[in-house]
Each structure stands twice: as C-alpha cells, then as structure tokens.
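Examining the three-dimensional arrangement
As a plain string of letters, each chain reads:
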There are 2 protein chains.
Amino acid sequence: MRNTTPPWVPDAGASQAVALEVLLRGPISRSDIARRLQLSPGSLTRLSTPLIESGLLVEVGERGDGRAGRPSRPLDVVPSSRHFIGMKLMGDQVLGALTDLRADVIASESAALESQHPDDVVATIAAIAARLAARVPAVTALGIGVGGLLDDHGTVLSAPFLEWEDVPLASLVETATGIPTVVSNDLVAFTEYEHWFGAARELDRFAVITLGAGIGYGLVANGAVVASPDSGIGLVGHWPLDPYGPVCPSGHRGCARSILTQAAIVGAVSTALGRAVGYEEALDLAAAGEAAARRVVDDAGRGLGRLLAAVANLTVPEMIVLGGEGVRLVEIARDAVREGMALDRDPRARDIPLVTTTGDNTEWCRGAAVLAIQAYVLPAAR
Amino acid sequence: MRNTTPPWVPDAGASQAVALEVLLRGPISRSDIARRLQLSPGSLTRLSTPLIESGLLVEVGERGDGRAGRPSRPLDVVPSSRHFIGMKLMGDQVLGALTDLRADVIASESAALESQHPDDVVATIAAIAARLAARVPAVTALGIGVGGLLDDHGTVLSAPFLEWEDVPLASLVETATGIPTVVSNDLVAFTEYEHWFGAARELDRFAVITLGAGIGYGLVANGAVVASPDSGIGLVGHWPLDPYGPVCPSGHRGCARSILTQAAIVGAVSTALGRAVGYEEALDLAAAGEAAARRVVDDAGRGLGRLLAAVANLTVPEMIVLGGEGVRLVEIARDAVREGMALDRDPRARDIPLVTTTGDNTEWCRGAAVLAIQAYVLPAAR
DNA sequence: GAGATTAGTTTTGTCATAGAAATAACCCGA
DNA sequence: TCGGGTTATTTCTATGACAAAACTAATCTC
C-alpha cells in the first residue's frame, strides 16, 4: 500500500497560497483571492489555471448575485481528489474515519484493542486503515490523535491511559501501513479541525472546551493554534470551580474534574438516587425536572460557566466551541452555564457566542484527519 | 512643530523586513538575517547597502567569536536616528518620555492635570510634548497609553478614571502638537514594549501582569499581542482568588482587586495595625517580619500565585512578566506566590519563568513610545 | 603557509509580478 | 433591443527582485 497521490501543488509559494485559500474559504472567486492575497488579477489567472488543469480546483456554478458586472466564477477544491484517514486512539479501542480533502467523513470504522501493547495497537490501527483505504484509490496521509504528551516527531512521550512512554507511534504506523503518518495531541487536532473546517472557521481567536471522560481545552489566537510542549497534560482538569464542591482523586475541592466530567455527574446522580444511572439518563432526568439530577446538572453547568468565564477573561475569544461526548450537558444546563459565566464576567464585556458540536465520536477522527491534511497541504516548515 | 523625519525605509517589502529584523534582534549579521528571512546572501548585500547609506543602519564592531571563517560585521540600527515620545495618561497627571528608536528613555517629564476636561488634558500633553521635543531635532511620532476602552483610530470610547466618553484624543493631540499620534490601551502598550524590547523580547508566547492601582493583564500568543475590543475593561480585576477573602466594591468576595491592589494591601495592613501606613511601608513591615503585614502580603502573594497559575494553565506562556508600580510585592512575597501557583498547577507542567520589571513609572511611557515606533515602522495595515 | 571555513560581494539570468489594455458577461434604463 | 455602466477575467509586456554561482575577504587550524 503505497502513497500514490500527486503532490498538493506543483510548486511552492504563491500557488500554495492560492490553493490553501480555496481549500479554507470554500468556493471563492479569483478576484476575491486576489484581494485577500494582495495579488493582481493577472496573477490570479496565471496561478489558478494550472491548478484547475491538475484537477485540484474546479470552477463551480456562477454566482450571479444580482450585482452589476460580470458574474464571478468561483473556484473550489475537488474534495474527493484526495483522501485521508483520521484516527482517535482510546484506552480500549481505536476509532477511524476516511475523509476527503475537507475532512468530511466518507466512512468510519472502529475496533477494540486486544491489549495496550504498542505492537497490538499498531496492528489494530493498520487493520482499520486497510479497511478504510480499500474504499478509495489512494490515501494521501494518516493522522492520529492521542490524549497525552507528544513530541514533534510523532512519538508518544507519555499517555497514561495506555500506560505508554516513549512510543514512536508515527514511524511504527507509517511502517505498518505505508501511509505517511502524523501523530498529535487529540485536543490540538480537534482545535485544528474547528479552525479549518468547523464552527470557528476563519476566526482569529477562539477557545475549545470538550466534556467527556476528562475536560479538554484548546486555544487559537492570532490565527493559529496555541500549542506548547505542555499541551496534553490536561491543565484545566483541576481548575477550581467551587470552593464547597466535592473532592477529586488528587485532593482538590470542587475542581473541574470533580464536577464536570461524565463520571462526576453519573456518580453524583447515582448516589443521590440510590441507584446506578448512566450519563444520558442523568441528563434526561434533569431535563424532566427530577430534583436531584437537576441540581447536579445545574451545579455542573454553573461550574462550566465559571470555567468559560475564566477562559473568556484571559483569552478574549470571539467564540467558544464546546464539544466532546458529554456536550449535551451544555444544552440541558444552558441557563446555569450562562449564570456561572456571568458570575466572573464583567457586565461590560461582550457576550461570547457559545457553539456546541454534535458530540459525535467521529469529531475526534475528523480532527486527526485535519492533521494529516495539514501535513500534506502546508509548506513544510523546516 | 512639523514632522520632518525621513520615512523608515525607502520602499516596502523585503527592505522593511530587513530593517525590522535589525531593529528587533539588535546587532545581527547579514548572514543571520539572510537565514532568518530565507533570503540569499546576495539579496542581503543588495538590501542592506541602501539602508546603511540612508543612515538608518550601521556596521558595529566586528564579531570575531573564535570560530573559523571570516568574522561577521553585524548591523545595527542607529537608535538616535529617530526620536519618539511616549505618554501615560493618568487621572491626575500626565507622564511623558522622550525615547530613541529602541524605546530607551532620553528624558522624561510630567505635569499635573488642571482638570479632566479634554481641552485641558490635550493642552498639558502638548506642553510636555513641546518641552521634550525641544531636546531633539525632530520627533517622529507620539504614542499615548490610556487605561480604558479605545477604538482603532485613537478615540477614547470610555475611560472611567477621566470620566471620558468618545474623545478623539489622537486627532486632538495631533492637531495640537503637529506630531503623528497614536493612542492605545496602556496595557497593550506595555505588552508591546516587553515584546519588542523588554524581557520577553523574541518570545512567541508570554503573559504580562501589572500590579498597582488596579490589576492589569496582557497576552502575546503566536508572536503577536492578543487584543480585542474588550482590552481595557480590566477583565482580571474581579478574578476570584480566595473564597474566604475580603469583599470588593462590586460585591465579589476575594477577587483580585480586593486582595492584590495597592489600596487593598494598604487598607488591610492599616486596619490591622490601627494606623495609616503606605504601600512601601506595608511591604517593608512584611519584609521585617511584622506579623499582620506579613500575613496580608502573603495572602496577596498567594492570590497572585493563583492568578498566575490560571494564566499559565490557559495560555501556556513561555514567561510571565510582572510589572507596575506595586511589583515589589512579588519580591517580598515570592514564596507565597510560588505556593499559590503550585496550588492550581499540575506538578508535571513546566515551570514558568517569572520576570519582574523595575516598577518604574517610565515603563508605561516606554510602552506608549513603542506604539509610536510601531506606527512608524510597520507596513501600514490596510 | 596551505587548507578549511565562514562572511560578504559581484555578476548574470530567470521568472514572478504588476500594470495596462482588451475581452467577457452581466445589469439597468431608455 | 440597444448602449452605457460595472465587475470579472484574460492577454500581453516590461520590470525588477530574486537565486545561483563564482568570487573576494578575513579569519582559524594544523
């Protein structure tokens, strides 16, 4: 299984920029691109023609939007001209998705892990990749999101949920599959997805919070993801939200993990009701007005609101994207979230739009696919 | 008094980039610039020669640093080739400083405000500017830092400490002085200074916290200041630091303003001792081991530490710069600061260097001067 | 003093770009 | 229906910024 896809653009430089502009800003006319990139109209003809001839771009239906003048002939990428695979590595299973050039999911697969040994994990990854790759002529690149600490070369420095240390995952997978592979932090991947193709597309500043087994956080400022070697530690997990709240395993009182995680909510509601309930059931009960569940969910919502206020105060985002498997909490406890947010927020400060994603599990895979797309599309940084 | 300075560089583009590189990275050899800007050595000769001939750059003493090969002839800007004025506008007075191209202070002046009426304030500003400008052949640009909300064109939208709303300060001052004027938020200015010429020079990510009458905050991420229309509200002022702390005027318990400001510390120590003490005296008492002062100062230090932890967790900075008139608190309560920071920080997360500035009042002026320098030096953004 | 090494200059050819003018394709009102 | 206004795109050409390569310069090492 070899990578047979043609290169992204024949040459680097302005061609790259034009292609990237079309990839990111969807159908866009030559003149708009010229304005954005500060190029002359003539240059745009010269640059776009070979990209169209190579099959990467196409002219899509004219846009006669009622204005005077010759209608523009917007350009768009052919999403299906390249395919990518994005995977999310979890403690007990691997999720994978086959996507196009815009990270839209074409097919998805998953498989349970037999063990957490790197060899088994790589074999599982390769098996999923093979099944997904069989559906298309070629897969250009593969991205894997891992919750943990990583270096820049795709080595997992530390992933507690797998009990891994210093596993060169990218090169192992690349060898096993023959597909160029990038590995990065799952939250960085998720954030990149929102940045390139998701709800925060085109925004210069936004934050991401995910709810689920843990609390995830990602940040984009000045048009790029803010990442550091510490990304992956989960720095907001023990954020103090409620001085009178429950105690978490590390001994913090009322920290984000003790209030906001699925386990915390399930535990609190189960204890209150004297029977085991699931996460969705807990939210359903709260929505139906059951007093104990309502209280737990509202406390969580208020805590989330305070966390959002903290993020908003320190990073002045234009939007906050909420995601993760547990994101329905935001919907059920929307008033409490707003209330908690108002507590720590100056009334003069502008309202930050809160956007929730579907909470679908393939979200993580799309994020990982974006990593692969970026590795293919972006000028190689040396 | 007219602006007679020559333009920054004859043409835009690569020349700009070379000049900027030299301005920001101090003495630097042609070959280093070529590497940084991805230009060929030949291009560097071509680009640097006219800049040297125009008097902007000079070759400074050779650097034979023991390595083999021909020694480099580092280039540097001539700081005294251009002069700027930076001002800090306060409720009762105006501070001004005359600086060179690197925002180093040549002379400083201050004057009390007769009233807060815009006409009086502008007259005071113009008087200081005239006295400073008399010391040099020409002043290229003038920058003013204001604590409050501003728009992009130098209009003060809201400055509570002056009771101003919608005052077009930049154009008023420009008319009164004849010097091109920019007005911006004082914290943005301070942050730009640290970014361009201060302790955080060259860093890609850092945060700034200032202590004084209020608590200031600034952020640089991905190599640029993160600013929003909300910059200037003072969003960290009511950050919750201590659930059992004192109550601030807005009714928040244990918020940053109620613990960290000079007024809060002075008030707490004075109450405890039953007599009025000043800020420096309160810190002196704490340093000398006086129990009540020690306790107040340590509480403040711990609170500051928790604020720093919050900033560090959400913005993953490479450094935090601490400044403002009250910055000596950090020195006196260093252990408490570290302790507070450790409370909310994952032990696996890397240590963030804390750097304190002098707390000198001209710091704010240098920041404002950097605004003027940037307005002159940066390619005009359209 | 020869060779290695790094810095900077000169020279030359290429190619990307802007600029201008032409063409295309629409709208609108007469 | 036709011509004028308007915007998009193309064609053509001249400029000039750039890289590449060869060369000079100035040091260190052996």
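Please refer to the structure placed before this passage.
As the structure is a computational prediction, the values presented were derived from the model and not from experiment. (Residues numbered from 1 in each chain as written. Chains lettered and ligands numbered in written order. Predicted model: local features only at pLDDT ≥ 70, side-chain atom pairs only at ≥ 80, totals over all residues.)

A tally of helices and strands in chain A yields 13 helices and 15 strands. Taken along its principal axes, the extent of the C-alpha atoms in chain A is 70 × 55 × 35 Å. The 382 residues of chain A split such that 49% are buried. Sequence separation of 24 or more characterises 63% of the internal contacts of chain A that already satisfy a separation of 6 or more. (Helix = DSSP H or I, 4+ residues; strand = E, 2+ residues; numbered from the N terminus. Buried ≥ 20, exposed ≤ 12 C-beta atoms within 10 Å, placed from the backbone. Contact = placed C-beta atoms within 7 Å.)

Residues and elements named next belong to chain B. With respect to the helices and strands, the residue Leu98 is situated in strand 4 (residues 93–99). Sequence-wise, Leu98 and Arg366 are 268 residues apart; in three dimensions their C-alpha atoms are separated by 8.6 Å. With near-sequence residues (within four places) excluded, Leu98 lies in contact with His83, Ile85, Ile106, Ala107, Leu132, Arg135 and Val136.

Taken residue by residue, the interface counts 26 residues in chain A and 26 residues in chain B. For the side of chain A that touches chain B, the element with the most residues is helix 10 (residues 291–315) of chain A, which contributes five residues. Taken together, the residues of the side of chain A that touches chain B sort by class into 14 nonpolar, six polar and six charged. (Nonpolar A, V, L, I, M, F, W, Y, C, P; charged D, E, K, R; others polar.)

With that settled, the discussion passes to the sheet that holds strand 7 (residues 149–150) of chain B. All names here are of chain B. Taken in spatial order, the three strands make up an open sheet running 7-8-9, and their pairing is antiparallel. Of all the strands in the sheet, just strand 7 and strand 9 (164–167) have a single pairing partner and so form its edges. Strand direction decides the pairing type here: strand 8 (residues 156–159) and strand 9, joined by three bridges, are antiparallel. Among the inter-strand pairings, Ser158 is bridged to a residue of strand 9, identified as Glu165. (Pairing = 2+ DSSP bridges.)

What follows deals with the protein's contact with DNA strand D. Lining the immediate environment of DNA strand D, one finds 25 residues, of which Gly42, Gly69 and Arg70 of chain A together with Gly42 and Arg70 of chain B sit closest. Those elements giving two or more residues to the surface near DNA strand D turn out to be helix 2 (30–37) and helix 3 (41–53) of chain A together with helix 3 (41–53) of chain B. (Near = placed C-beta within 6 Å.)

Turning our attention to the sheet that holds strand 10 (residues 181–185) of chain A. All names here are of chain A. The strand order across the open sheet formed by five strands is 5-4-3-6-10, and the pairing between neighbours is mixed. In the strand order of this sheet, the two ends are held by strand 5 (105–112) and strand 10, each with one partner. Neighbour to neighbour, the strand axes of the sheet diverge by 20 degrees on average, direction disregarded. The pairing of strand 3 (residues 84–89) with strand 4 (residues 93–99) spans six bridges and is classified as antiparallel. Pairing of Phe84 across the sheet is with Thr99, part of strand 4. (Axes fitted to C-alpha atoms, helices over the stretch in contact; angles between N-to-C directions.)

Moving on to the relation of the copies chain A and chain B. Mapping chain A onto chain B calls for a rotation angle of 180 degrees and an axial translation of 0.0 Å; the resulting RMSD is 0.0 Å. In symmetry terms, the pair is related by a two-fold rotation axis. Same-surface contact between copies: 100% of interface residues of chain A are shared with the interface of chain B. (Least-squares fit on C-alpha atoms with pLDDT ≥ 70 in both.)

In the region of DNA strand C, 27 residues are neighbours, and Gly42 of chain A together with Gly42, Thr45, Gly69 and Arg70 of chain B sit closest. The leading source of residues in the surface near DNA strand C is helix 3 of chain A, at four residues. Here the surface near DNA strand C is built from residues that sort into seven nonpolar, 13 polar and seven charged.

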